[in-house]
2 protein chains.
Amino acid sequence: MAFTPQRGVTPVPAAGVKTYDLEADVVVVGYGCAGASAALSASTAGSDVLLLERAGGGGGASAMAGGLIYLGGGTALQKACGFEDSPEEMYKFLVAATGPDPDETKIATYCEGSVEHFDWLVECGVPFKESFYDGLLAEPPGDDGLMYSGGEDAYPWNEIARPAPRAHVPAVEGKVLYEKAGGWQLMRSLTAAVANSPVRVETDIRVDRLITESDGTISGVVSRRYGETLHIRARSGVILAGGGFVFNDEMLGLHAPKLVGRLKVGTDGDDGQCIQMAQSLGAAVRHMDAAEVAYCSQSPMLVRSIVTNVQGQRYVNEDGYFGRVGQTTLFSQGGRSFLVFDEEVFESVPEDQRPGLQPTWVCATVAELEESMGVPDGALQSTVEVYNRFAEKGEDPLFHKRAQYLKPLCSPYAAIDFREAILGVFTIGGLRTDIDGRVLNLEGDAIPGLFAVGRSSSGIPNWGYLSGASLGDGTFFGRRAGEAVAKAG
Amino acid sequence: MAFTPQRGVTPVPAAGVKTYDLEADVVVVGYGCAGASAALSASTAGSDVLLLERAGGGGGASAMAGGLIYLGGGTALQKACGFEDSPEEMYKFLVAATGPDPDETKIATYCEGSVEHFDWLVECGVPFKESFYDGLLAEPPGDDGLMYSGGEDAYPWNEIARPAPRAHVPAVEGKVLYEKAGGWQLMRSLTAAVANSPVRVETDIRVDRLITESDGTISGVVSRRYGETLHIRARSGVILAGGGFVFNDEMLGLHAPKLVGRLKVGTDGDDGQCIQMAQSLGAAVRHMDAAEVAYCSQSPMLVRSIVTNVQGQRYVNEDGYFGRVGQTTLFSQGGRSFLVFDEEVFESVPEDQRPGLQPTWVCATVAELEESMGVPDGALQSTVEVYNRFAEKGEDPLFHKRAQYLKPLCSPYAAIDFREAILGVFTIGGLRTDIDGRVLNLEGDAIPGLFAVGRSSSGIPNWGYLSGASLGDGTFFGRRAGEAVAKAG
């Protein structure tokens, strides 16, 4: 459990601030992908930009990410890899897959601007290799630049929109799977771009409160560095880009109690400070209960196995997005599941593609397996009987797994006990913003001078999630907010 | 869909208010059971109280309720009916059944004060008959005063705390089941008590905004009546008791999108205005995604049937609280289910205890039934096979339905199609308050002069729900807030 220090969040009236230690047109709070993109675009638009980061340097949770960036509609990379896509198909998919209550206005803006945004990332120096990864890991093991990432080609989305791979993955020299990956490269490129820009960066600085003018306009922030309080003035506006709140257990309790005690994915900067600073002056929030939930197996083994609950029943198509399997497992099954497969499935997956996945039980019959698992007599047997009988015909009428992954399970059978397994989670709810990142109050009006982007805001990842949506949404709407605040100033 | 007019919610500075049209020590917003109890206790404690209601008279959602009031720990009524209970067992049950993230402090206070609170209701003139209702409807068909209401005697709660019936139901002369019920009687008694007190009541008045002093203290409300704006001063404090937000579709979208389009239970006063007025000045909210979800069958038929999802699988014990069946159905199964039973079950339930429940399909075999229902071949058959085989032995190892309700289903079989069935919902999330109803800001500090009770606040019904928790929590914490504000003045 991370240590979350008690910090103030309520606003400070400008009238009480005597001197300012730092000053800029635009103050950006948080140096992940969203803050970097906001700072770059505000600077390009002519603003004097100050970028604040609590850690010793830029990166944040973005630098720890696999690096998938969800873009489409016919990007240069999609075309180079031979895939057709359109903003319309991308829109249909995102509206369906990010519901309930998808943000249709943001999605439309995102899909229309996606091709251009990819080009912008390339201009910023983010490298992409023109090759498609056809595997089933959560990120490419090598430097392939394009992959599926949200179950676009699986049920039910494959019946709603024409599937296309939309995860654009930066190429990493010396890649280490799940360790030094595309997110590291994305932030390496963006921090280099920032370094080559007029943007000023201040690190090791924690922002605690917003400064408000008597008319409600936000005109700065109160922060701390090494015990010293710094007042920082923002002449045009403040952009909050300080991440989500998965490292704030009190906020999880208030808004997303089912996430408490799960594996936190992010950095301890994801403490909700940016969200709370704005909430405390009346900003609206949206979908604070929503979360990405990574299932405990992201291996090709998953699609060829069956996932059951503690009653031995299947409850999801195993070939969908692993985050959808994870969400369903956490929110519908209390986080408990079994992965059931057979020797043939196990042997068919190369060892390096099933890290840590060892059978808890191996048995000659399903009846023995079920008994070992503590599943009531006959419950798993009937699940496997129905699954096998239809798999034989290449069908899965219960959950619509695709034919290519259907094969009857046969002896010896095995299962992994995922009842106590770790599900990695992060929050996706946050401040309610318009398409230019303006933070809205409860009447739907913009709070003057205040913007939020990345996971401090609610955006494309809305309730339903897909890998790549955070880096995609963060950089895309970060740019827009930077432009908007520069224009406003 | 209810028409929700656009209304302002942001606060108004006191400095801008020239004259006040009305004035009192304590201003209570909303005349349901929580507002009535708050007004009565503040008045008893010596305050000059003004009770505001947007409708033409008191009642609100409380008056439409079945009237169950969740109390225990050994009330006079429990004793008279021969049931043993203790605050400790009640506490254990509530902590388990209202989680995740139950409000343990509020629950402890509630359990300790519950016996005395029942006596207070009796003193207020609320009539209770000393008889126990042993049936399985959602409220007693007659005037019985005590019943089970939260699945205390069903799995898993029966393994966690000693069960006791805790729903105390006012006796109604000329009762009409689900129409003129205990809630009507509760409000009839409380409005009579208010009429006999010095509390002043103003009706047809809508409260839009809070008035704030320069130091942040709440000192009144801005309201409207027949097009006229009224400024109302509260010398000691304002108590928000204006209900939940199920009639505000925009708020549902932001916080509880799965409730959109469901049957709204409450009055159109449940528009979230009280919650938003406080949120807009930085009040914290809690569990805004939480909801009571009434399952589509609250008949004794439910416990003797099996409930399946569209895959033909069971997913819940049918003998638990019908609101738990409803929550599971909505949140885990997209609101879609089948009720599967046989002729014997159907005939065993008197017609007036299965209103509107007619089989959609009746078939000689489960195979035929399953085909009619569109469930994949063998899926329902295996569900029934496993259920029947264990029911024969009085066991349900999958979901732990009690033995008394277990009987193998036999031909002719029947099912009701509840895939498009109506699930009645209301919100239970709201403002974060302490045990005296003080509204807390995001730093956990009380906002001076501001209180909230009933479903404008988050309380005993927390995430898990149980019938009687709203009227119980509303009257109990309403009283406490009334006392606290009177003392503060």
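Criteria and thresholds
- Residues numbered from 1 in each chain as written.
- Chains lettered and ligands numbered in written order.
- Predicted model: local features only at pLDDT ≥ 70, side-chain atom pairs only at ≥ 80, totals over all residues.
- Heavy atoms only, no water.
- Helix = DSSP H or I, 4+ residues; strand = E, 2+ residues; numbered from the N terminus.
- Rg over C-alpha atoms; globule rule 2.2 N^0.38 Å.
- Buried < 20%, exposed > 50% of the residue type's maximum accessible area, 1.4 Å probe, protein only.
- Areas by Shrake-Rupley, 256 points an atom, 1.4 Å probe, with all protein chains shown as cover.
- Least-squares fit on C-alpha atoms with pLDDT ≥ 70 in both.
- Axes fitted to C-alpha atoms, helices over the stretch in contact; angles between N-to-C directions.
- Left-handed = near helix turned anticlockwise from the far one by under 90°.
- Contact = heavy atoms within 4.5 Å.
- Nonpolar A, V, L, I, M, F, W, Y, C, P; charged D, E, K, R; others polar.
- Arc of directions from axis to C-beta.
- Pairing = 2+ DSSP bridges.
- Salt bridge = Lys/Arg side-chain N within 4 Å of Asp/Glu carboxyl O.
- Lys, Arg positive; Asp, Glu negative; His and termini not counted.
- Polar contact = N/O pair within 3.5 Å; in protein donor to acceptor, adjacent residues only side chain to side chain.
- Buried area = accessible area lost by both parts, 1.4 Å probe.
- Right-handed = clockwise from strand over helix to strand, strands pointing away.

**Some thoughts on the overall build of chain A**
Phase 1: Along its length, chain A carries 14 helices and 21 strands.
Phase 2: Here chain A has a C-alpha radius of gyration of 23 Å; the compact-globule value for 489 residues is 23 Å, and the two agree.
Phase 3: A total of 489 residues make up chain A; the buried ones form 63% of that total.
Phase 4: Total accessible area on chain A is roughly 17,000 Å²; 48% of this is exposed by carbon and sulfur atoms.

**Observations concerning the relation of the copies chain A and chain B**
Phase 1: It takes a turn of 180° to lay chain A on chain B, together with a shift of 0.0 Å along the axis; the resulting RMSD is 0.0 Å. Such values leave the two copies arranged in the relation of a two-fold axis.

**Concerning the packing of helix 4 (residues 87-97) of chain A against helix 5 (residues 104-123) of chain A**
The relative placement of two packed helices comes down to the angle between their axes together with the axis-to-axis distance.
Residue and element names in this part refer to chain A.
Phase 1: Interaxial distance between helix 4 and helix 5 falls to 9 Å at its minimum, and their mutual angle equals 145°. The hand of the helix 4/helix 5 crossing is right-handed. In this structure, helix 4 uses Pro87, Met90, Tyr91, Leu94 and Val95 to contact helix 5, whose residues at the interface are Glu104, Ile107, Ala108, Tyr110, Cys111 and Ser114.
Phase 2: Classifying every residue of the contact of helix 4 with helix 5 gives nine nonpolar, one polar and one charged.

**Thoughts on helix 12 (residues 366-373) of chain A**
All names here are of chain A.
Phase 1: All buried positions along helix 12 are accounted for by Val366, Leu369, Glu370 and Met373. An end-on view of helix 12 places all buried positions within 100° of arc, on one side of the element.
Phase 2: Its buried side turned inward, helix 12 meets strand 15 (337-342), strand 16 (361-363), helix 13 (379-391) and strand 17 (413-418).

**Points about the sheet that holds strand 13 (residues 291-294) of chain A**
All names here are of chain A.
Phase 1: In space, the three strands of this open sheet follow the order 11-18-13, with mixed pairing throughout. Two strands lie at the open edges of the sheet, namely strand 11 (263-264) and strand 13, each paired on one side alone.
Phase 2: Examined bridge by bridge, strand 11 and strand 18 (residues 424-427) share two bridges and lie parallel to one another. Residue pairing for strand 18: Lys264 is matched across the bridge by Val425.
Phase 3: Taken strand by strand, helix 10 (residues 322-333) contacts strand 13 and strand 18, and its axis lies near 100° from that of strand 13.

**Let's talk about the pattern of salt bridges**
Side-chain pairing between opposite charges can occur once the charged atoms of the two side chains come close.
Phase 1: In this structure the tally under the stated criterion is 62 salt bridges over all chains.
Phase 2: A salt bridge links Lys401 of chain A to Glu318 of chain A; the shortest N-O distance between them is 3.3 Å. Taken as a pair, Lys401 of chain A in the loop between helix 13 and strand 17 and Glu318 of chain A in the loop between strand 14 (306-308) and helix 10 lie far apart in primary sequence, 83 residues in all.
Phase 3: Note on Lys401 of chain A: relative accessible area 3%, which makes it buried.
Phase 4: A salt bridge links Asp25 of chain B to Arg235 of chain B, with the shortest nitrogen-to-oxygen separation between them at 2.9 Å.

**Remarks on the side chain of Asp270 of chain B**
Residue and element names in this part refer to chain B.
Phase 1: With respect to the helices, strands and loops of the structure, Asp270 is situated in the loop between strand 11 (263-264) and helix 7 (273-279).
Phase 2: As a buried residue without a salt bridge, Asp270 has its nearest oppositely charged side chain in Arg455, at a separation of 8.7 Å.
Phase 3: Within the structure, the side chain of Asp270 is placed 3.0 Å from the backbone nitrogen of Gly244, a separation counted as a polar contact.
Phase 4: Beyond its immediate sequence surroundings of up to four residues, Asp270 is in contact with Ala61, Gly242, Gly243, Gly244, Phe245, Val246, Phe247 and Asn248.

**Regarding the sheet that holds strand 11 of chain B**
All names here are of chain B.
Phase 1: With mixed pairing, the three strands of this open sheet are ordered in space as 11-18-13. Each edge of the open sheet carries a strand with a single partner, namely strand 11 and strand 13 (291-294).
Phase 2: Contacts between helix 9 (residues 322-333) and the sheet are confined to strand 13 and strand 18 (424-427), with strand 13 contributing the most and set at about 100° to the helix.

**Some thoughts on the interface of chain A and chain B**
Phase 1: Taken together, the contacts link 42 residues of chain A with 42 residues of chain B.
Phase 2: For the pair chain A and chain B, the two sides together bury roughly 3,600 Å², of which 57% comes from carbon and sulfur.
Phase 3: On the chain A side of the interface with chain B, the three residues burying the most area are Leu254, Leu442 and Glu443 of chain A, jointly 18% of the side's total.
Phase 4: At the surface where chain A touches chain B, the tally comes to six salt bridges.
Phase 5: Between Asp377 of chain B and Arg389 of chain A there is a salt bridge, with the nearest N and O atoms lying 3.1 Å from each other.
Phase 6: Between chain A and chain B we count 18 residue pairs in polar contact (both at pLDDT 80 or more) in total.
Phase 7: Secondary structure elements with two or more residues in the side of chain A that touches chain B: helix 7 (249-255), helix 8 (273-279), strand 12 (285-286), helix 10 and helix 13 of chain A.
Phase 8: The dominant element in the side of chain A that touches chain B, judged by the number of residues it contributes, is helix 13 of chain A, at five residues.
Phase 9: Broken down by class, the residue content of the side of chain A that touches chain B amounts to 16 nonpolar, 15 polar and eleven charged.

**Things to note about the pairing of strand 3 (residues 49-52) of chain A**
Residues and elements named next belong to chain A.
Phase 1: Here strand 3 shows a buried face lined by Val49 and Leu51 and a second buried face lined by Leu50 and Leu52.
Phase 2: Two elements, strand 2 (residues 22-29) and strand 3, share four bridges in a ladder whose sense is parallel. When the bridges of strand 3 are listed, Val27 appears paired with Leu50.
Phase 3: In the classification by handedness, the crossover that spans strand 2, the intervening helix 1 (residues 33-44) and the parallel strand 3 is right-handed.
Phase 4: Bridge count between strand 3 and strand 7 (residues 200-202): three bridges; the pairing is parallel. Counterpart to Leu51 in the pairing with strand 7 is Val201.

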